[in-house]
Amino acid sequence: MTNALRDKIIESLTSILPIALIVIALSITFTPLSTGTFALFTVGVVLLIIGMGCFTLGADMSMLVIGEKVGSTITHSRKIWLIALISFVIGIIVTVAEPDLQILAEQVSAVNNYLFILTVAVGVGVFLMIAMLRIVFRIKLSYIMIVFYAAAFILSIFVPHDFWAVSFDAGGVTTGPMTVPFIMSLGVGVASIRSDKKGQDDSFGLVALSSVGPIIAVLVLGIVFNVSDVPYEMTVVEEVVNTQGVLFCYLHGFGKYALEVLIAISPILIFFLLFQLSTRAFRKRQIVRILFGFLYTVVGLMLFLTGANVGFMPVGMEIGQSLADLWGGWLLIPVGMLIGYFVVAAEPAVHVLNKQVERMSAGAISSSAMKKGLCIGVCISIGLAMTRILTGIDIMYILIPGYVIALALTFFTPPLFTGIAFDSGGVASGAMVSSFVLPMAIGACYALNGAEAIMTQAFGCVAFVALTPLISIQILGINYKRKTSKIKRNFLNVEDRILEYEVD
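Here's what I pulled together on the structure shown here. Computed from a prediction, not measured in an experiment: that's the story for all the values here.

## Observations concerning the overall build of the chain
- Looking only at helices and strands, one finds 19 helices and zero strands in the chain.
- Counting over 504 residues, the chain shows a buried share of 59%.
- The contacts in the chain between residues at least 6 apart in sequence include a share of 87% that link residues at least 24 apart.
- Counting only carbon and sulfur atoms, one obtains 67% of the accessible surface of the chain, whose full area is about 20,500 Å².

## Some details on unusual backbone geometry
- Positioned with a positive phi, Arg138 is a non-glycine residue whose angle comes to about 60 degrees.
- Looking at where Arg138 falls in the secondary structure, it is placed in the loop between α5 (113–137) and α6 (141–156).
- Of note in the backbone geometry, Trp327 takes a positive phi value of approximately 50 degrees without being a glycine.
- With respect to the element layout, Trp327 can be found in the loop between α11 (284–324) and α12 (332–343).

## Describing the environment of Val89
- Inspection of the secondary structure assignment puts Val89 in helix α3 (residues 80–96).
- Along the chain, Val89 and Met129 lie 40 residues apart, while their C-alpha atoms are 8.9 Å from each other.

## Examining the state of the cysteines
- The full count for this structure, using the stated rule, is zero disulfides.
- Here Cys379 is not cross-linked by a disulfide; its sulfur's nearest cysteine counterpart is in Cys375, at 8.8 Å.
- With relative accessibility at 14%, the residue Cys379 sits in the buried group.

## Observations regarding the packing of aromatic side chains
- Throughout the structure, instances matching the rule amount to 14 aromatic pairs.
- Feature note: the residues Phe38, Phe41, Phe312 and Phe436 constitute an aromatic cluster, connected by ring pairs.
- The side chain of Lys69 reaches across the aromatic face of Phe282, ending 6.0 Å from its centre.

## Some details on the pattern of salt bridges
- For the structure on display, the rule yields two salt bridges.
- Close ionic contact of Asp7 with Arg6 constitutes a salt bridge, the shortest N to O distance being 3.7 Å.
- What makes Asp7 partly exposed here is its relative accessible area of 44%.
- Take Arg6: its relative accessible area is 46%, and that puts it in the partly exposed class.
- Asp60 is paired through a salt bridge with Lys8; the nearest N and O atoms lie 2.7 Å apart. Here Asp60 is found in helix α2 (residues 35–76), whereas its partner Lys8 is found in helix α1 (residues 2–27), with 52 residues between them in sequence.
- According to the relative accessible area criterion, Lys8 is buried, its value standing at 10%.

## Thoughts on the nonpolar core
- In terms of nonpolar packing, the biggest core is built from 165 residues, with Val70, Ile90, Phe116, Met145, Leu399, Met432 and Phe436 touching the most fellow members.
- Per element, the largest residue contribution to this core is 16 residues, and it comes from α11.
- Those residues in contact with Leu399, other than ones at most four positions away along the chain, are Phe153, Phe168, Ala463, Phe464 and Leu467.
- Residues Leu5, Cys54, Leu57 and Tyr296 belong to the second largest nonpolar core, which totals five residues.

## Let's talk about the side chain of Glu318
- With respect to the helices, strands and loops of the structure, Glu318 is situated in helix α11.
- In this structure Glu318 is buried but unpaired, with Lys256 as the nearest side chain of opposite charge at 18 Å.
- Apart from the residues lying within four places of it in its own chain, the contact partners of Glu318 are Pro32, Leu33, Ser34 and Thr37.

## Looking at α12
- The end-to-end C-alpha distance of α12, which contains 12 residues, comes to 15 Å, matching closely the 16 Å that a straight helix rising 1.5 Å per residue would cover.
- Within α12, the full set of buried residues consists of Leu332, Ile333, Val335, Gly336, Ile339, Gly340 and Val343. Along α12, the residues classed as buried sweep out an arc of 165 degrees about the axis, all on the same side.
- Residues of α12 that are buried in the fold lie against α1, α11, α14 (367–391) and α17 (431–449).

## Overview of the side chain of Ser210
- Relative to the helices and strands, Ser210 resides in helix α9 (residues 206–224).
- Reaching out from Ser210, the side chain makes a polar contact with the backbone oxygen of Leu206 at a distance of 2.8 Å.
- The contact partners of Ser210, leaving out residues within four places of it in the chain, are Val124, Phe127, Leu128 and Ile183.

## Side note on a nonpolar patch on the surface
- Taken together, the side chains of Leu13, Leu17, Leu21, Ile24 and Ile28 present a nonpolar region at the surface, about 450 Å² in accessible area.
- Assignment of secondary structure puts Leu17 in helix α1.
- In this structure Leu17 comes out as partly exposed when scored by relative accessible area, which is 40%.

## Concerning the packing of α9 against helix α16 (residues 415–428)
- Interhelical geometry of α9 versus α16 gives an angle of 60 degrees and a closest axis separation of 7 Å. With respect to α16, the element α9 is oriented oblique. Here the hand of the crossing between α9 and α16 comes out left-handed. Judged by residue contacts, Leu206, Val207, Ala208 and Ser211 of α9 engage Phe422, Asp423, Gly426 and Val427 from α16.
- Its residues assigned to classes, the contact of α9 with α16 comprises five nonpolar, two polar and one charged.

Reading guide: rules and limits
Residues numbered from 1 in each chain as written. Predicted model: local features only at pLDDT ≥ 70, side-chain atom pairs only at ≥ 80, totals over all residues. Heavy atoms only, no water. Helix = DSSP H or I, 4+ residues; strand = E, 2+ residues; numbered from the N terminus. Buried < 20%, exposed > 50% of the residue type's maximum accessible area, 1.4 Å probe, protein only. Contact = heavy atoms within 4.5 Å. Areas by Shrake-Rupley, 256 points an atom, 1.4 Å probe, with all protein chains shown as cover. Disulfide = S-S within 2.5 Å. Phe/Tyr/Trp six-rings, centres within 6.5 Å; stacked < 30°, edge-to-face > 60°. Lys NZ or Arg CZ within 6 Å of the ring centre and 35° of its normal. Salt bridge = Lys/Arg side-chain N within 4 Å of Asp/Glu carboxyl O. Core = buried A, V, L, I, M, F, W, Y, C linked by side-chain atoms within 4.5 Å. Lys, Arg positive; Asp, Glu negative; His and termini not counted. Expected span 1.5 Å × (residues − 1). Arc of directions from axis to C-beta. Polar contact = N/O pair within 3.5 Å; in protein donor to acceptor, adjacent residues only side chain to side chain. Patch = residues over 30% accessible without salt bridge, like charges linked within 9 Å, V, L, I, M, F, W, Y side chains within 5 Å. Axes fitted to C-alpha atoms, helices over the stretch in contact; angles between N-to-C directions. Parallel < 35°, antiparallel > 145°, perpendicular 65-115°, else oblique. Left-handed = near helix turned anticlockwise from the far one by under 90°. Nonpolar A, V, L, I, M, F, W, Y, C, P; charged D, E, K, R; others polar.

In structure tokens, the structure reads:
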């Protein structure tokens with residue numbers, strides 16, 4: 001266990017270090033940071049490295065194992081009503097306490113926090129149910145995605161303009177570190193029962209559909225409540241002037257996020273215990289390992305969220321405001337793209353996705369290729385987000401063409417890559433985006449356009465992060481298909497020549 005944890009921490013170090021170096025370089029060149037803020041950031045880096053290492057180990061030991069067993073068990077029962085009911089319940093319980101969703105709900109003061117969270121949770125529950133039934137009935141993912149994204153854009157016509165960005169951001173923040181490991185492993189478990197060769201292709205796509213649900217649910221909420229002129233209450237970042245202030249900030253953060261993580265984990269733990277009591281699916285040794293996995297997950301997520309929100313959020317906001325004051329703010333675009341390229345590697349859920357992809361494809365799709373495709377996609381998305389802050393471009397002028405391209409590519413991409421690409425969009429927009437990139441966008445927007453523009457121009461960057469990997473990963477899939485076709489043709493040509501030689 002010690003060796004496994006050490007390997008995970010080394011892996012997380014290589015993911016976090018580039019972002020730390022970028023922030024340090026910015027702090028000594030364009031955006032000098034106050035001593036207190038830099039101290040918060042330094043401690044945050046250490047917590048992120050240890051936290052991500054513990055979380056990924058814990059997810060491997062618990063969440064992925066439980067999800068696969070639940071998925072295979074309910075599918076093996078052949079009871080459609082049971083598959084639908086359990087999928088709906090799981091969708092709600094893993095979403096209600098998603099930390100990223102709590103952060104977004106606090107920003108939308110036009111709607112009650114609990115109502116907003118419940119709406120999103122029901123959206124995930126309904127669409128996770130649809131995603132599971134899609135695998136059972138073998139419906140092509142691309143057809144369902146086209147129908148529901150078309151429905152989302154049609155609904156947006158009836159929703160106030162300043163609620164668009166929040167609605168599409170909801171789809172991104174929902175699929176965070178708590179939701180992704182469990183939902184992804186459910187798909188693997190369901191697909192493992194299938195005997196046909198397309199079972200592997202259908203093992204992905206649950207996260208994708210679970211991301212569409214909140215978008216549609218929040219848009220419907222906007223129509224029902226006729227939300228308009230959504231205000232944004234600027235978060236006041238407490239100034240830290242000494243090491244004692246740093247200590248108190250982190251002690252407060254540990255208490256807050258420990259409670260959030262325990263609330264988030266408890267429904268899944270209760271579900272696991274009820275599942276075990278009713279099915280006896282796991283042996284005693286497996287149960288002990290899973291419980292240790294839960295412990296690693298709790299500790300890791302608590303450290304990660306504390307480091308991200310206490311250490312990275314004030315730095316992101318301060319960097320955004322400082323860059324906005326330089327050369328008309330145009331430095332935001334290259335710096336944002338550079339941060340976007342590396343920030344995705346620091347998302348805990350991205351590591352889960354990459355390993356699941358490598359495992360399900362038997363190594364044909366490497367985690368390094370996935371990582372590169374995601375990095376390029378998120379790099380472009382943050383560049384678009386910063387461009388929108390500077391120019392005030394309407395979010396739909398980017399989202400509509402982007403999704404048209406992404407959905408059109410599904411007709412040319414191998415089915416396995418379609419599911420992976422649409423899952424990647426939800427996975428990439430996680431805790432680091434909401435706690436570092438979004439505050440950076442808010443800080444820049446506040447400095448350039450004032451607080452009244454934040455809801456329409458700063459929000460939406462999570463939606464862009466969820467969009468661009470759909471395109472970049474599908475292009476990776478098309479390239480993969482072209483290369484494998486070329487290898488196959490060369491092999492057949494060689495085979496034909498051997499046959500000709502034998503005939504002669």
